[in-house]
Amino acid sequence: MAIADTTENESEQNLFITVSGTPGSGVTTLCRGLADALGCGYVSGGELFREIAEERGLSLSQLTARAGESEELDRALDRRLRTIAETWGTANKGFILESRLAGWLAGNRADLRIWLDAPEEVRLERTEDRDEMAAEMQVREAVDAARYESYYGIDIEDRSIYDLALNSARWGESALLGLVLNAVREYDPVADEGEFVVPEFEP
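Quick look at the structure, then.

Quick look at the overall build of the protein
And step 1. Of regular secondary structure, the protein possesses eight helices and six strands.
And step 2. Listing the helices and strands of the protein from first to last along the sequence gives β-β-α-β-α-α-α-β-α-β-α-α-β-α.
And step 3. Taking 203 residues into account, the globule formula puts the C-alpha radius of gyration at 17 Å, and the protein, at 16 Å, falls close to it.
And step 4. C-alpha extents for the protein along the principal axes are approximately 45 × 35 × 30 Å.
And step 5. By residue count, 45% of the 203 residues in the protein fall in the buried class.
And step 6. In the protein, 80% of the contacts between residues at least 6 apart in sequence involve partners at least 24 apart.
And step 7. By element, 46% of the accessible surface of the protein is carried by carbon and sulfur atoms, the whole surface being about 10,400 Å².
And step 8. Charged side chains in the protein number 20 positive and 41 negative. The centres of these two groups are separated by 3 Å.

Encoded structure:
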């Protein structure tokens, strides 16, 4: 499992947080910073996807193409992420789940749901040193959006379920982390007047 666990610090609130976003928007960097600052673990759907690609001797684009041809792989991945969300949603421990669909999969088990995005030219510049090329990234986004709609009736462009939806290009890494940490630390479950309800669905 693609999991990181940092235990040097303790999160006072033990929140279950989901972080989602577009490729190159800084999701992984934010998750690592949050996990370190809050002293909690996290699971990365992207790293899990890469691990599966390596296990099968495939590139990311090849695995994405196969996922687009058959529901089996996609649904298996989503079921594993849902199981993780169910486990940590009842654990009363600080935890971060990161994937494009994390906010939807965690649903109302999550305490806070975060979405990151950035202009396409910024995201392409940030990902230019990755194995995945710009065209592959664009194909993956289109394939993901189509499968979420086809499998689960989810519009990935719908930001209404998120507590924070941020353009990460407007801040540097440390400033963005500070902004999110402030929101996390200032969150008061007692004063919370309600979250957006996320419809349940079966992966």
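With respect to the pairing of strand S3 (residues 41–44)
And step 1. Where burial is concerned, the two faces of S3 agree: the one with Gly41 and Val43 and the one with Tyr42 and Ser44 are both buried.
And step 2. In the sheet, S3 pairs with strand S4 (residues 95–98) via four bridges, with the strands oriented parallel. Counted as the bridge partner of Tyr42 is Ile96 from S4.

Examining the side chain of Asp74
And step 1. With respect to the secondary-structure elements, Asp74 resides in helix H4 (residues 71–89).
And step 2. Within the structure, the side chain of Asp74 is placed 3.5 Å from the side chain of Arg147, a separation counted as a polar contact.

Digging into the side chain of Ser25
And step 1. Tracing the sequence through the fold places Ser25 in the loop between strand S2 (16–21) and helix H1 (27–38).
And step 2. Within the structure, Ser25 has its side chain in polar contact with the backbone oxygen of Thr22 (distance 2.6 Å).
And step 3. Engagement of the side chain of Ser25 in a polar contact is seen with the backbone oxygen of Leu116, the distance being 3.4 Å.
And step 4. When neighbours within four sequence positions are excluded, Ser25 is seen to be in contact with Leu116, Asp117, Ala118, Arg123, Arg126 and Ser168.

What about the pattern of salt bridges?
And step 1. The final tally for this structure, using the stated rule, is 13 salt bridges.
And step 2. Measuring nitrogen to oxygen at the nearest pair gives 2.7 Å for the salt bridge that ties Glu71 to Arg75. Residue Glu71 and its partner Arg75 are both found in helix H4; the two are separated by four residues, about one turn of the helix.
And step 3. Residues Glu200 and Arg109 are paired through a salt bridge, measuring 3.8 Å at the closest nitrogen-oxygen approach. Taken together, the residues span a long stretch of sequence, with Glu200 in the segment after helix H8 (173–186) and Arg109 in the loop between helix H5 (102–106) and strand S5 (112–117) at a distance of 91 residues.
And step 4. If you follow the salt bridges from partner to partner, you end up with Asp74, Asp78, Arg100, Asp144 and Arg147 in one network.

Focus: the nonpolar core
And step 1. Membership of the largest hydrophobic core comes to 23 residues, with the highest contact counts inside it found for Phe16, Leu97, Leu101, Trp104, Ile154 and Phe201.
And step 2. Per-element tally for this core: the top contributor is H5, with four residues.
And step 3. Discounting chain neighbours no more than four positions away, the residues touching Leu101 are Asp78, Tyr148, Tyr152, Ile154, Ile156 and Phe201.
And step 4. Residues Leu38, Leu166, Leu176 and Leu181 belong to the second largest nonpolar core, which totals 21 residues.

Quick notes on the rules
- Residues numbered from 1 in each chain as written.
- Predicted model: local features only at pLDDT ≥ 70, side-chain atom pairs only at ≥ 80, totals over all residues.
- Heavy atoms only, no water.
- Helix = DSSP H or I, 4+ residues; strand = E, 2+ residues; numbered from the N terminus.
- Rg over C-alpha atoms; globule rule 2.2 N^0.38 Å.
- Buried < 20%, exposed > 50% of the residue type's maximum accessible area, 1.4 Å probe, protein only.
- Contact = heavy atoms within 4.5 Å.
- Areas by Shrake-Rupley, 256 points an atom, 1.4 Å probe, with all protein chains shown as cover.
- Lys, Arg positive; Asp, Glu negative; His and termini not counted.
- Charge placed at Lys NZ, Arg CZ, Asp CG, Glu CD.
- Pairing = 2+ DSSP bridges.
- Polar contact = N/O pair within 3.5 Å; in protein donor to acceptor, adjacent residues only side chain to side chain.
- Salt bridge = Lys/Arg side-chain N within 4 Å of Asp/Glu carboxyl O.
- Core = buried A, V, L, I, M, F, W, Y, C linked by side-chain atoms within 4.5 Å.

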